[in-house]
Amino acid sequence: MRQPTFLLLRNLTCLALPLAVAGCMLGPDYVRPEVAKGALEQPALVRAADAGVVAATPSGQWWRALNDPLLDQLVDQALRDSPNLRAAQAKVLASRALQRQRRAEQLPSVGAVAGYAAISPPDSMVDQVRQIGEGAARVAENNGRPQEAAQLRDEMSRIDLDTDMYIVGVDASWELDLFGRKRRAAQEAAAKADADIAALADAQVQLAAEVAQVYLGYRGTRERTRLAERNLQAAAESLELTRQRRARGADSDLHVERARAQYEQQQAQLPGLRAQATEAKDQLALMTGREPGALDALLAEDRPLPALPPEVSVDDAAAVIRRRPDIRKAEGELAASSAQIGQALSAYFPQVNLLGTIGMGASSLSDLNSDSAASIVMPFLRWSVFDFGVNKARVAQARAGNEARLAAYEGTVLAALQDANSALARFGSAREQLQSAGSAEASAGRAAALMTQRRQAGAASQIDLLDVQRQQLSAQDGLAQAQLQLLVRYVALQKALGLGWEEAPPIRRLVDGQG
């Protein structure tokens, strides 16, 4: 069968190749639109000057700059085991398979057929054949040929119409892509695959930032819980001293109630802080593909908040646009919609298919040879001449969809630039707030030291000292919140720059089935 198959494909190729080469592609070729040209010409993002950052290419694995091994472990585990990432990865594999399918559809389709038939005619047909033979024998007798008549009757008595039939064949079909319908379909599939790959990268960016923010929030909450417990202890001591002074007549019931109210207020903060810490641990477990409580032992040890890196690198707007996955996703969707226009336009023109078949049939396998072969090569044209405006409506839909995707792409680019600049502004503001909170904490510390000296000299009461110490603890809580806020703004800045996907570890438990 190899030689007939080769001949069939050769004949189809000889007929189709000149037509395919002469074919065109309808519709517009995709060209990346220019958006935010003014921002792209600037050497840096417009809000970078006031944020205290340096102009340099940032690291893809930005979380490692915080020098917290546990944070590194959690982010890496999330990027490997997150169910959401595995779902996005599965979508990428599906779109890649569709891309391969669309490429394969541009090539000839070849099939093979083989069959065997055992044919047994009905008895009535056998009787009719014998009657015809008997009639021929009588004619021979009437014409004076008795030997021929006897021979005919002998053959008819032994006749057997049962037979075997063996059939083998090869068929091929090839749609000539004269107007680019299939090539545009392949372009659409490739663009959608690019969009799905970018969507996976965007999910990695979002996940890395979310893990870091939740982890930092957990560390900040634990620090605030420690400070709240110290503040509660100071409030309890103040309440006890006030009660003692009331017993001696040195204070009134009003002072006791005020001290009790401060104690209750401090005590009321602790359940909320502890619940926030528990919720953060369960969120981290979910994002790393674990069940609630699975990370409790890992996160049990108290650790200080990580320190901000001495330098924070930020590059220009052009680099941000090239790197951000949401922009690349929007561009892939725009390119796919552009290819859809060409597919819609091709419906105005005929589809030409070449069909070919080579087959052999014989009553025995040994008779299957070139003498029993037959072949057919046939061009087939299909053209929807009158569709009452269906194709026109489809073209209009495709053009409108492309306009919508263009607007979405432009909006995504502008929103990304706004996001990056806003993140820079918030980061710079958080730095200023940290400086103010540090000054307030230092001032409260000095006031507490001075009040301690006055108390030791007998110039101040224990109540005054406890009040100043509570103010110091409150200032320390404000400093802890400012430190956490700065780190959270740092993470948001890395997310806005589109970092976290370029050097991400491979996703587990999913392989590309390209076989």
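Please refer to the structure higher up on the page.
Trainee: What exactly am I supposed to notice about the overall build of the protein chain here?
Mentor: Helices and strands together make up the secondary structure of the protein chain, namely twelve helices and six strands. Rg of the C-alpha trace for the protein chain: 42 Å, well past the compact-globule value of 24 Å for 515 residues, more than 25% over. With the C-alpha coordinates aligned to their principal axes, the bounding extent of the protein chain is approximately 160 × 55 × 40 Å. Taking all 515 residues of the protein chain together, the buried fraction comes to 38%. Across the protein chain, contacts joining residues at least 24 apart in sequence account for 87% of those joining residues at least 6 apart. Carbon and sulfur atoms make up 53% of the accessible area of the protein chain, which amounts to about 28000 Å² in all. In the protein chain, 58 side chains carry a positive charge and 61 a negative one; their mean positions are 6 Å apart.

Trainee: Hey, could you run me through unusual backbone geometry in this one?
Mentor: With the exception of glycine, most residues fall at negative phi, and the peptide bonds are largely trans. Of note in the backbone geometry, Ala36 takes a positive phi value of approximately 55° without being a glycine. One can find Ala36 in the loop between α1 (2–22) and α2 (37–40). The phi torsion at Asn67 lies on the positive side, around 55°, for a residue other than glycine. Topologically, Asn67 is positioned in the loop between β1 (54–55) and α3 (69–81).

Trainee: Would you take a moment to explain the packing of aromatic side chains for this structure?
Mentor: Between two aromatic rings, the relevant description is the distance of the centres plus the angle of the planes. Considering all chains together, one arrives at four aromatic pairs under this definition. Ring geometry for Tyr116 against Tyr166: centres 5.0 Å apart, planes inclined by 45°, an arrangement best described as tilted. Here Tyr116 is found in strand β2 (residues 109–119), whereas its partner Tyr166 is found in strand β3 (residues 163–176), with 50 residues between them in sequence. With centroids separated by 4.6 Å and ring planes inclined at 25°, the aromatic side chains of Phe179 and Phe349 adopt a geometry described as stacked. Placement of the pair is Phe179 in the loop between β3 and α7 (181–248) and Phe349 in the loop between α10 (325–346) and β5 (351–362), with a sequence separation of 170 residues. Feature note: the residues Trp62, Trp63 and Tyr490 constitute an aromatic cluster, connected by ring pairs. One Lys or Arg, Arg328, reaches over the ring of Trp501 and ends 4.5 Å from the middle of that ring.

Trainee: Just to check I follow, could you spell out the side chain of Asn391 for this structure?
Mentor: For Asn391, the position within the fold is in helix α11 (residues 390–456). When near neighbours in sequence (up to four residues on either side) are disregarded, Asn391 contacts Ala347 and Tyr348.

Trainee: What is the right way to look at a nonpolar patch on the surface in this model?
Mentor: On the surface, Leu381, Trp383, Val385, Phe386 and Phe388 cluster together into a nonpolar patch covering about 700 Å² of accessible area. Given the relative accessible area of 83%, Phe388 is considered exposed.

Trainee: Explain the sheet that holds strand β6 (residues 373–382) here, please?
Mentor: The pairing of strands in a sheet happens through backbone hydrogen bonds and is either parallel or antiparallel. Read across the sheet, four strands follow the order β2-β3-β5-β6 without closing on themselves; strand pairing throughout is antiparallel. A single partner strand is all that each edge strand has here, and the edge strands are β2 and β6. Strand-to-strand, the axes of this sheet are offset by a mean angle of 15°, without reference to chain direction.

Trainee: What exactly am I supposed to notice about the packing of α10 against α11 here?
Mentor: Two quantities define a packed helix pair, namely the angle between the helix axes and the distance between the axes. Close contact between α10 and α11 brings their axes to 8 Å; oriented N to C, the two are set at 165°. Of the possible angle classes, the one that applies to α10 and α11 is roughly antiparallel. Every pair of crossing elements has a handedness; the one defined by α10 and α11 is left-handed. Of the residues in α11, those touching α10 at Asp326, Ile327, Ala330, Glu331, Glu333, Leu334, Ser337, Ser338, Gln340, Ile341, Ala344 and Leu345 are Arg394, Val395, Ala398, Arg399, Gly401, Asn402, Arg405, Leu406, Tyr409, Thr412, Val413 and Ala416.

Trainee: How should the packing of helix α5 (residues 123–142) against helix α6 (residues 146–157) be read in this particular structure?
Mentor: Between α5 and α6, the least distance of the axes is 8 Å, while the angle of their chain directions is 170°. With respect to α6, the axis of α5 lies roughly antiparallel. For the pair formed by α5 and α6, the contact residues are Val129, Arg130, Gly133, Glu134, Ala136, Ala137, Arg138, Ala140 and Glu141 on the first element and Glu148, Ala149, Leu152, Arg153, Met156 and Ser157 on the second. Tallied by class, residues from the contact of α5 with α6 come to seven nonpolar, two polar and six charged.

Trainee: Help me understand the pairing of β3, please; the structure alone is not making it clear to me.
Mentor: Regular strands place side chains that alternate from one sheet face to the opposite one. Where β2 meets β3, eleven bridges bridge the pair, whose relative direction is antiparallel. Bridged to Ala114 within β3 is Val168. Pairing of β3 with β5, which is carried by eleven bridges, proceeds in the antiparallel orientation. Following the sheet pairing, Ser173 is matched in β5 by Leu355.

Conventions we followed
- Residues numbered from 1 in each chain as written.
- Predicted model: local features only at pLDDT ≥ 70, side-chain atom pairs only at ≥ 80, totals over all residues.
- Heavy atoms only, no water.
- Helix = DSSP H or I, 4+ residues; strand = E, 2+ residues; numbered from the N terminus.
- Rg over C-alpha atoms; globule rule 2.2 N^0.38 Å.
- Buried < 20%, exposed > 50% of the residue type's maximum accessible area, 1.4 Å probe, protein only.
- Contact = heavy atoms within 4.5 Å.
- Areas by Shrake-Rupley, 256 points an atom, 1.4 Å probe, with all protein chains shown as cover.
- Lys, Arg positive; Asp, Glu negative; His and termini not counted.
- Charge placed at Lys NZ, Arg CZ, Asp CG, Glu CD.
- Phe/Tyr/Trp six-rings, centres within 6.5 Å; stacked < 30°, edge-to-face > 60°.
- Lys NZ or Arg CZ within 6 Å of the ring centre and 35° of its normal.
- Patch = residues over 30% accessible without salt bridge, like charges linked within 9 Å, V, L, I, M, F, W, Y side chains within 5 Å.
- Salt bridge = Lys/Arg side-chain N within 4 Å of Asp/Glu carboxyl O.
- Pairing = 2+ DSSP bridges.
- Axes fitted to C-alpha atoms, helices over the stretch in contact; angles between N-to-C directions.
- Parallel < 35°, antiparallel > 145°, perpendicular 65-115°, else oblique.
- Left-handed = near helix turned anticlockwise from the far one by under 90°.
- Nonpolar A, V, L, I, M, F, W, Y, C, P; charged D, E, K, R; others polar.

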